[in-house]
Amino acid sequence: MSTLLRQETIRAGDPFMARIDAGQRVRLVDTEGNEAIDTFFFNAEDPRERYSAVDTVRRQRKVYLTTGTELVSNEDRTLLTIVDDTCGRHDTLGGACASESNTVRYAHDRKFMHSCRDNFLLALLNWNEDFSKRDLGPNINFFMNVPLSADGGLRFEEGISGPGKYVELVAHMDVLILISNCPQLNNPCSGFNPTPVEFLLWDA
Amino acid sequence: MPSNAFLLEERIPAGCHHALLLKRGYALRLTDLSGDGNVGLLAFNADERSERYNMADTLKAQHTHKLALGNVLYSDMGRPLLSIMGDSFGWHDTICGTTNAAMIEATYGLNDFQLARNGYYRNGRDGFLMELGRWGLGRRDLVPNANFFSTVAVDDEGNIALSDASYQPGAWVELRAELNVLVILSTAPHPLREGPTYPEGDIEAGVFWAGEVPASDVCRTACGENQRGFENAEAWFALPDGGPKA
Ligand SMILES: [Zn+2]
């Protein structure tokens, strides 16, 4: 019987960072439904090794993430595996929102809205000042629906998640998890209404 | 673009790596002579190299997962680094990354330098690192690359496969620099390419002067997102050396 080590509520629009040891199991809960949880991982011992969206897609020959997906690093090693998923499908190609990309996607006056990049940078620099923007790459967007079409298109669509849906992962090595509970108000990735999410951690 | 007008020219053998500084207004024409080639590409703002090609921002700004005529390669700072001003190919991959040594050996067999001297089977990851290292960059800067001359189809369930459309001998693409851009290239095979024969065939890389971007430019006018992206690139140059021009 595994022991609950930690339970945290991540408020809407907030960053979060934690260490997960090899063998531990983490659950992310979409408490109220359709909340994008922008998530990234580092090898805790060597943060130059980090989550790689393209290596994850290439290894499983599939663009969506769900139960059984191995989250692969830039060194082609498995960081974590998704072991349970009541939502069914997660994105890893849409990246994180940023003030700069907001100006491109929506309007120049959206520059000063809160963003996942601001959360990522703040959490990383508070954790260890050796981190910088160079350490970021395309992340996972749990509970976000970004379908790709056969003619080459990509869209941000209404979510397919719902209240209480969750995803569970088991770590294959000691990792750092970096989260931004997405504050985006310009597209349906958080249902135009960012809400809190739950982080739970169990021992091996 | 007549090839006799190239200001710089290079023939890059399959598997190798190369870099060039492409200043604003110059363009790089890549040609896949054999049709079996792949060009992995990374791009950095040469004036501030923490700014770099961002796959996710490129895709979501243009609602695409393929690159073709009219698309731009966005940096993580909301500016186009390179714009695809000409393209005979039609669908360049963005979502598969590159190969490493183990993948190359698994697909093509062991053929290292000791066995094959300079005919050895090179991989994209090592080639990118060798080139990034020359410019003071490293592992942190090896982000997801674009793959020119490789088409990756996606089905309704999200499954991906390398398409036969990748084989187009003589295909070319023209990439115009919208900032001063450090371009890093690897001609290692695409990660979904099947063995057992390692590709042969050179990539031709020629640089020409493309000039000012006209208001009617196909990349700039492709969508409102790109209009704003080009405005962001212009803002980067809003404070020229020596003060504003009279
Ligand atoms: Zn966000």
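Heads up: the structure comes first, above all this text.
Residues numbered from 1 in each chain as written. Chains lettered and ligands numbered in written order. Predicted model: local features only at pLDDT ≥ 70, side-chain atom pairs only at ≥ 80, totals over all residues. Heavy atoms only, no water.

Novice: Describe the nonpolar core, listing the residues and the values that go with them.
Specialist: What tends to happen in soluble globular proteins is that the nonpolar side chains get buried as a cluster. Core analysis: the largest hydrophobic core is formed by 96 residues, its most contacted members being A:Phe199, B:Leu30, B:Leu82 and B:Phe148. It is strand 9 (residues 175-181) of chain A that contributes the most residues to this core, five residues altogether. With sequence-adjacent residues up to four places away left out, A:Phe199 is seen in contact with A:Arg6, A:Gln7, A:Glu8, A:Ile10, A:Phe16, A:Ala18, A:Val26, A:Arg27, A:Leu28, A:Ile177 and A:Ile179. Among the nonpolar cores identified, the runner-up in size contains ten residues, and B:Leu42, B:Leu132, B:Leu137 and B:Leu182 belong to it. (Core = buried A, V, L, I, M, F, W, Y, C linked by side-chain atoms within 4.5 Å. Buried < 20%, exposed > 50% of the residue type's maximum accessible area, 1.4 Å probe, protein only. Helix = DSSP H or I, 4+ residues; strand = E, 2+ residues; numbered from the N terminus. Contact = heavy atoms within 4.5 Å.)

Novice: I'd like a rundown of the interface of chain B and chain A, residues and numbers included.
Specialist: On the chain A side, the residues contacting the 48 residues of chain B number 45 residues. When the two sides are added together, the surface that chain B and chain A hide from each other amounts to roughly 3,900 Å², 52% of it contributed by carbon and sulfur. Among the residues chain B hides against chain A, the three largest losses belong to B:Lys60, B:Arg139 and B:Arg140. Together they make up 22% of the total. Between chain B and chain A we count seven salt bridges in total. Here B:Arg139 and A:Asp46 are joined by a salt bridge, their closest N and O atoms 3.0 Å apart. (Buried area = accessible area lost by both parts, 1.4 Å probe. Salt bridge = Lys/Arg side-chain N within 4 Å of Asp/Glu carboxyl O.)

Novice: Describe in detail the coordination of the zinc ion, supporting the description with residues and values.
Specialist: Residues and elements named next belong to chain A. Cys 97 (SG), Cys 116 (SG) and Cys 182 (SG) make up the full set of protein donors to the zinc ion, lying at 2.2 to 2.3 Å. Sequence positions of the donors to the zinc ion reduce to the motif C-x18-C-x65-C. Linking Cys 116 in helix 3 (residues 116-127) with Cys 182 in the loop between strand 9 and strand 10 (197-202), this pair joins segments that are 66 residues apart in sequence. Exposure remark for Cys 116: the relative accessible area of 0% places this residue in the buried category. Given a relative accessible area of 2%, Cys 182 falls into the buried group. (Donors = N, O, S within 2.8 Å, 3.2 Å for Na, K, Ca; no water.)

Novice: I'd love a proper account of the pairing of strand 9 of chain A, names of residues and values included.
Specialist: For a regular strand, side-chain orientation follows a simple rule: the groups alternate between the two sheet faces. All names here are of chain A. Counting buried residues along strand 9, seven of its seven residues qualify, which places the element largely inside the surrounding structure. Of the two faces of strand 9, the one lined by Val 175, Ile 177, Ile 179 and Asn 181 and the one lined by Leu 176, Leu 178 and Ser 180 are each fully buried. Bridging between strand 2 (residues 15-20) and strand 9 involves six bridges; their strand directions are antiparallel. Looking across to strand 9, one finds that Pro 15 is bridged to Ser 180. Of the strand pairs in this sheet, strand 4 (residues 37-43) and strand 9 are connected by seven bridges, and their pairing is antiparallel. Looking at the pairing, Asn 43 lines up with Val 175 of strand 9. (Pairing = 2+ DSSP bridges.)

Novice: Help me get a handle on the pattern of salt bridges, residues and values and all.
Specialist: Across all of its chains, the model carries 32 salt bridges over all chains by this definition. A cluster of three or more residues bridged by salt bridges with shared partners is formed by A:Asp46, A:Glu75, B:Arg125, B:Asp126 and B:Arg139.

Novice: Account for the side chain of A:Asn141, with residues named and values stated.
Specialist: Residue and element names in this part refer to chain A. Note that Asn 141 resides in strand 7 (residues 140-142). Among the polar contacts made by the side chain of Asn 141, one reaches the side chain of Asn 139 at a distance of 3.1 Å. Contacts of Asn 141, omitting those with residues within four sequence positions, involve Ile 37, Asp 38, His 90, Asp 91, Gly 94 and Gly 95. (Polar contact = N/O pair within 3.5 Å; in protein donor to acceptor, adjacent residues only side chain to side chain.)

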